[in-house]
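A look at the structure
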Amino acid sequence: MNKIEVSSESPGGFDFEATIDLFDNSNSASSPDSSNSPNNNKSIYDGVLKTNLLVPMNQAEKKRKLLLIVLVDKSRSIQTAWFQIQSTLLNLFTIISNTDQEVIAEILFFNNICFRLAYTPDNYRDLILAEKPNGKTCFAAAFDSVSDVIRQYYGKIKVGECDTDTAIVLLTDGSHTTVRDHKNAFHNLRNLAEDTISKHKCQINAHTMGFTANSRFNDLDGIRKLIGTKRGIYQYCESSEGTLALKEKLTFILKHALSNSTSNAMDYFLDITMKTKDSLGEASINVLFNDKDSVGVNNKSQKLLPDANGYCESSVAITSNVYQKDLQVLLQVKLKCGEKELVKLIEVQPSLKTVGKETIYYSGLMRLTNQTNIMFDTIKKVSESKNPSDMLKEDLLKEILTIQRELSNYDNLQIMKFSPKVRSEVVELKKNCQELATQLLDIINSWNRSSWTSTTSARVADITYQYMFKNTGRQRRINLKVARNSNSINKDSANFKQLEVDIDKLEDDLTEEQTKSLESSKQLFSCVLSMCDWVEVLEDKDCMGFGLSVQRPEVVIDDPTQLRIVEVSSTFLAKSSIEDAIALAVEVHGQEKTTGGFEVGQNKTSVAVRGRGREPINSWLPLYLNKEHWKPIKYQLKNIIAYFVTLDPMAFSFDQINALFLVCGTLISKDDIGERQLQLIIQFIRTLREVALHFNFIPKMLQQLNAILNSSIYLVSEQPKNLYVLISYLLVLSNQELESLFKTEQDWFRFWQHVLESALRRGCYAFFANMEQNKIDSYLSQVIFGKVLTEQEYNIQYPDQDTLDQKVITNGDEQQEKQVLNDSQLFDLVLTYKSTLINAPLVDGTIDYGSLLNIKQMHKTPNDKTRENHTVLNKDHIDTINTISNLFESKGYPNSNTLLNCMKFVKAFRSLDKDQDVLTTFNVIDDKYGVPPIEFIDSIKQGLNVASNNSGLGVYLNTVNQLYCSSAPKGATELLNIIRAMIVQGASYRINKHASHAVNSGIFTDTAADPIQCINVILDNVNHRLEEYLTKVRVALMFSAQTSNALKSGSVYEFTHSIPHVGHLHFISFVKSMMSFEKIPFGEEKMVVFLSNVYITQDDQGQLSAIQIKNMQWKYSKRYRAMFVHRFLESTVKYLEQRVLNYQYIYENQQSQKLTLLDDDDN
C-alpha cells in the first residue's frame, strides 16, 4: 500500500492510503466467455481504486440524534403475520441498543385509531407481546399521530439548535379502509415535514414496508417518495418467507436510516489524473471512474460514515486506456468535515494483476453492475415522464436480456472454487446485479401490463396473481417470460380489439340437418352462469370453454407438466363468466381460496364457482367448436394458457402447451367415462389439434414421440417428462404425420411397451429409494430365478454339495418339460390376478416396500447351482410379477390401469375413421358444430370395454398384443420375459444418472428386442456385486483369523505383524478387538506397542532396541479416549499413556543418537 505524501499546501488533519489494481482485458474482455464479449479493445484496463481514511474523531461534528417513528398496522387482516411483527419489534430494540447513535424510538400502533406505546426499558417486551390485531385500517389516524409526535418533539427545540433527524417507518398489509379523510391527513403531515425541515435544517425521511400481496405498492411507494428531504426505501415481505426475512428487511431500513443521518457523515471528493514520471507536469486524463454513480469521468463525490475510531474505507471501479511500468496516478482528495475542508495530494503507482478467473469474474460483474445502474437511472427518468415509447421499451428490454444472458455465463460452480474473500465479493456482485436486472424487468413489465390492459378489455388482467416466489431464480424466469411475450401479446390484443365476428354467417343458408346440429350444439355448449349459448356469447367476442380444478406447485414455472389436475368438470362456462366469478371470489376470499395460488396438498381446496354436480372449479380452458368460434380464442390463447399454468396472463412459454395435453391425458385415463364427458373429451381433442397448428407445435410432438420410440427410455435427458402428455399427442396427429414413426405393428407394440417400462422405472424409484443394495439384489434374483432361498432354507434343503448336484440334475429336465406344457397357463395366472388394496406398513414413518414386495434375503454361496438356470419359468416367477404389479397399481403414477385406459381410448378414437385418420374425424365433428355424432360415442364406449376387466403388467401387455399385433402376436413366454426384463431394469436403473450411464456405456437395454439379453446383463451385475461381497467376506475372515491368532499368541513380535496401518479397511475392527486387552496374553504390553507404534527388545547385555512398526502412528481422537476411559477407567488410561510416551521417547532418543554418529563419521 502506498503511504500518502502531503503537499506543502495541505493543512493535513487525516491519514489516507490508496492502492490501484489494474488488469488486462485483452484476453478476458471482462467476461468468462471471451467469444461473447462486446469489449475487444486491447488497450482497455479495468481496475479497482481502494482508499482507507483515518479521521481524528475530534474533527468530526457532534453526533446527531435520530427520532425513529415506527408505524405498525394492527388491523385484523395482518394477524397471519403478527407473530413476525412482534418478533421484529423486539429485535428492533436490540438493534437500537447496539448502535452508538442516540435513537429516540416511538412505536405507534394503528387500526381504527392510533396510539403511542408508552414503554420503558423494563416493560417494552410485555407490552409488545400483549398487543393483538383487530379492527380496520385507518391511515388518517396514523398520519395524524405522526404529525403530533413531530410537532411535539421539534416544538421544544430552538431554531439553530436542532441536533435531531427523523426517520418514519410504516409497516402495513393493506390500504385505508375507514371513512376518515386520509388524503387530507397525509397532506397535513407532508406540509408539517416541509416546514420542520426548513425551520430546523434537519432531515426527515419516510420508509415503507408492505406485508403480503394485499398491501398496495402504489400507495406505499407514494408515501416514501413524497415525505421528507429525499426518497426513502420500500421493502416487501410475505409471511411465508419466515421471521428472518422480516427481521432482515426491517434491519436494512433501520441501517439505511442511520447511515443517511448526518450524525457522523463526511463529504468525500476524489479527483484522479494519470501521469508518467517523465511528464508529471503535463496532465493527461487516462483514468476514469466506472461505478454506478460516476461513469466516464475523472472525479467523484461520495458520503463516508466513519466508525467509532474514525476509520472508513472505500472501493470504486475504474478503467484506464494506458498502462506502463513507470505510470503514476495523481490523486486529489478533498474531505469536508463540518465547516472544515481538508485537501491532500498523493501519487500512486498502479499494479497490473495477473488475469485469472477471479479477476475476469470480478471485473465482468462490476461492468454489468454499472450497466444495470445506468439503465436504472434511465428507466427512472422515463417512469417520471409516464410515457415510454414502444421503441424505447423494446431497446431497454433487449439491453436487460443481454445483461441476463451475460450473467448466465458466470458459472456458480466456478465461483465456489474461488478463495473465500474473493468468492464473497463475486457472489455479492452477481446477486446484486441479478436483483437489479429483475427490478428493471419488473418496471418494464409493469409498462407492458398497463399497455396491454388499455389495449384490450380482458378481465383476466384484473385477476392476475402477482405472486412473489420464494426461489429468486424462479422469480427471474417468470419475469423473463413476461418480458419476452410483451410485444406478441400486445399485437394479439390489438388484433383482438379490431376483430369482427360475423354471426349471420353461422346461421344463414343452413340445411335442415345443419340447423338441427347447430341447435344441438347451442344446447350442449351453454354457460351455466350467464345462461347464454356459445353463439350468443360470440356476439360479444366472448368464447365458450369448460371448468376444472387444479393445483399449481411453484415448479410449474419451470415444468408445466407438474400441474396437478384435481378434477375436470363437464360444466361449460363462458370466458367472461368465469373471469367475473374469479374476480368476485378473489375480492371476498383471496387468491389462495379462489384459484389455489401456488399451494398444493389434500387439504388445500380452492373454489371460484361450483359446477353442475357441485364440483369445485378454479380454472378454465376454451373449446374450438368451429372456426368462427375460434377467431376470438386464437388472439387470447397465449393469455389463456399462461393464466391457466401460472396465474399470470403475460407469462406464456412454449412448453406450457403441454399442460393442455396433460389435461387431455388425465381425462382419457379415467374409468367409466360418461357420455357427456366423452363429448367434452372429443371436442377438447379437436381443440388441441387447432392449438398445435396455431403454435406450430407438431414438430415438437413428433420429436418427443420419436425419442420414446426409437431412443432408449433410460437416456433420461431425451425422454418426455409426463407420459399422459405423450399419449395425448397420438390423438391429434394425422396418419401422414405419424407414418414416419409407426410403420409396422411392432412399432406400436414397442411404443406402448416403452410407455409402461418408463412408468415402471419411475415407480421403482420410490419402491427402492431407501433400500440397501444387497436387499435390492435379493429382489432382482427373485425376479430372475423365481424362488430365492434364504441361508436357513438353503442349509436345510442342501446340506451337502452332492445332494445339491443330484437335485439340480434330477429336476432340470422335469422343469423344462413342465415349462413347455404350461407357459400359457403361467401367463393366465398373471392375467387373472386381481389387484388388492395395499395396507402399507410404516417403518420409521416411511412405507416398508421390502415387506410389500415380499423380499427375502438370499443366501450368498459361491457357485450356487440353484441360480444357474434363469430361463425356465415357474410359479415363483408369477408370484413375484403379481406382487410388484399389485404394488405398481396402488402406488405408481401413472399406473398400469390408467395407461391401459389411455391405450384403449387412443385405439378406439383413431378407429372412428376406417383409415384411422383423425383429420376425417375432426371434419365430421366440425360439420356438427363441435358435437360428436352418437355413433362416435358408441364406438368409443365399445372400444373401452375390450380386453380383461383385471389390470396389471400382464393384462396391459396382453391388451397391446391383441390390439396392435393381430397379424403376428407374441407368445406367453416372450411376454413374461419382457415383464421380467422391465422389472429388473426398472429397479437397476431407477436413478437417472445410473440409467444414463448404462446407455452411454453401451449396455443393452431394449427389452422388446431381446428381454433375455437384458436379464443377462442385470444378472452379471448382480453376480459381480455378489462376488465383491464374498471377496470382502473372505478378506474379513482372513484378517479376523490373523488378528485372533496374533492376540492369542505369546509372542509380541508376531503381534506387531498383525497390526494394520491407519486407514486400513479393518483398522477400526482391530481397535475394537484391543478393547479387551486384559483378557489376552501379554495384553497390556500389546496395547502399549499398538498405541505407541514402537516395539522394544532387549539383548543379553541389557541394551534396548526400538523399532517403528508402521509409517504412521494412530493419534486417537477425544471420542476414542472417552471410550477408553469408559472401558478401563481414567487411571488405567493415564498409566497406558505414560508407557506410550516412554516407548516413543526411547525410540526418538535412539534415532537422535544414530544421527549424531552419522555426523561424526562425515566430519
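Residues numbered from 1 in each chain as written. Predicted model: local features only at pLDDT ≥ 70, side-chain atom pairs only at ≥ 80, totals over all residues. Heavy atoms only, no water.

1. Digging into the overall build of the chain
We count it as follows: A run of DSSP states H or I qualifies as a helix once it reaches four residues; a run of E qualifies as a strand once it reaches two. Both are numbered from the N-terminal end. Categorising residues by exposure relies on relative accessible area from a 1.4 Å probe, with only protein chains included: less than 20% of the type maximum marks a residue as buried, more than 50% marks it as exposed, and the intermediate range marks it as partly exposed. By definition in these notes, contact holds between two residues if any of their heavy atoms fall within 4.5 Å. Using the Shrake-Rupley algorithm and a 1.4 Å probe, accessible areas are obtained, with residue cover drawn only from the displayed protein chains.
Scanning the chain for helices and strands turns up 41 helices and 25 strands. Here the chain holds 1163 residues, and the buried ones make up 52% of them. If you take every contact in the chain between residues at least 6 apart in sequence, the share linking residues at least 24 apart comes to 77%. When the accessible surface of the chain is totalled, it reaches about 55,100 Å², and 48% of it is carbon and sulfur.

2. A few points about empty space enclosed by the protein
Defined as follows: The definitions used throughout rest on a 1 Å grid laid over the protein atoms alone, on which a cavity is an enclosed set of points accommodating a 1.4 Å probe that cannot get out and a pocket is an open set flanked by protein within 12 Å on both sides along at least five of seven lines; lining residues are those having an atom within 4 Å of a point. Grid points are joined across faces, edges and corners, and a volume is the space filled by probe spheres set on the points. Three classes are used, and their members are as follows: Ala, Val, Leu, Ile, Met, Phe, Trp, Tyr, Cys and Pro are nonpolar, Asp, Glu, Lys and Arg are charged, and the others, Gly among them, are polar.
With the rule as written, the count across this model stands at eight cavities of 30 Å³ or more. The residue makeup of the lining of the second largest cavity, split by class, is eight nonpolar, three polar and one charged.

3. A look at helix 19 (residues 657–668)
The condition is simple: Helix span is expected to be 1.5 Å times the residue number reduced by one.
The terminal C-alpha atoms of helix 19, which comprises 12 residues, lie 18 Å apart, in line with the 16 Å expected from a rise of 1.5 Å per residue. Of all the 12 residues making up helix 19, 12 are buried; the element is thus mostly covered by neighbouring parts of the structure. For helix 19, the full list of buried residues reads I657, N658, A659, L660, F661, L662, V663, C664, G665, T666, L667 and I668.

4. Description of the layout of surface pockets
Of the pockets and cavities examined, the second largest pocket occupies roughly 1,200 Å³. Considering the residues around the second largest pocket, the lining is formed by 41 residues, among which T561, Q562, K721, N722 and Y893 are closest to the centre. Residue assignment for the lining of the second largest pocket shows that the elements contributing at least two residues are strand 18 (564–574), helix 19, helix 21 (698–710), helix 22 (723–732) and helix 24 (745–767). The class makeup of the residues in the lining of the second largest pocket is 17 nonpolar, 14 polar and 10 charged.

5. Examining a negative patch on the surface
Short version of the rule: Exposure above 30% relative accessible area and the absence of a salt bridge qualify a residue for a patch, where like charges join within 9 Å and nonpolar side chains (Val, Leu, Ile, Met, Phe, Trp, Tyr) within 5 Å. Note on definitions: salt bridges are taken to be side-chain nitrogens of Lys or Arg within 4 Å of carboxyl oxygens of Asp or Glu. None of His or the chain ends enter the tally, which takes Lys and Arg as positive and Asp and Glu as negative. The atom standing in for a charge is NZ when the residue is Lys, CZ when it is Arg, CG when it is Asp and CD when it is Glu.
The grouping of D502, D504, D508, D509, E536, E539 and D540 at the surface amounts to a negative patch. Residue position: D502 is located in the loop between helix 11 (472–498) and helix 12 (504–507).

6. With respect to the sheet that holds strand 17 (residues 544–551)
For clarity, the threshold we go by: Paired strands, in this sense, are two strands between which DSSP finds at least two bridges. A fitted line through C-alpha atoms represents every axis, and for helices the fit uses only the stretch in contact; the resulting angles, taken between N-to-C directions, go from 0 to 180 degrees.
Spatially, three strands are ordered 18-17-21 in an open sheet, and the strand pairing comes out antiparallel. With one partner strand each, in any of the chains shown, strand 18 and strand 21 (619–622) form the two edges of the open sheet. Looking at each pair of strands side by side, their axes are set apart by 30 degrees on average, direction ignored. Sheet topology note: the strand 17/strand 21 ladder contains four bridges and is antiparallel. Looking across to strand 21, one finds that G547 is bridged to W620. Contacting strand 17, strand 18 and strand 21, helix 19 crosses the sheet at an angle of about 95 degrees to strand 18.

7. As for the pattern of salt bridges
Applying the stated rule across the entire model yields 24 salt bridges. Across the salt bridge formed by E131 and K74, the nearest N and O atoms sit 2.7 Å from each other. Placement of the pair is E131 in the loop between helix 2 (124–130) and helix 3 (139–154) and K74 in the loop between strand 4 (65–73) and helix 1 (82–97), with a sequence separation of 57 residues. The same class applies to E131 as to K74, namely buried. Here R190 ties to E194 by a salt bridge, and the two come within 3.7 Å at their closest N and O atoms. Taken as a pair, R190 and E194 lie in helix 4 (residues 182–200) at a separation of four residues, close to a single helical turn. Judged by relative accessible area, which is 45%, E194 ranks as partly exposed. Overlapping salt bridges bring together R686, E690 and D926 as one network.

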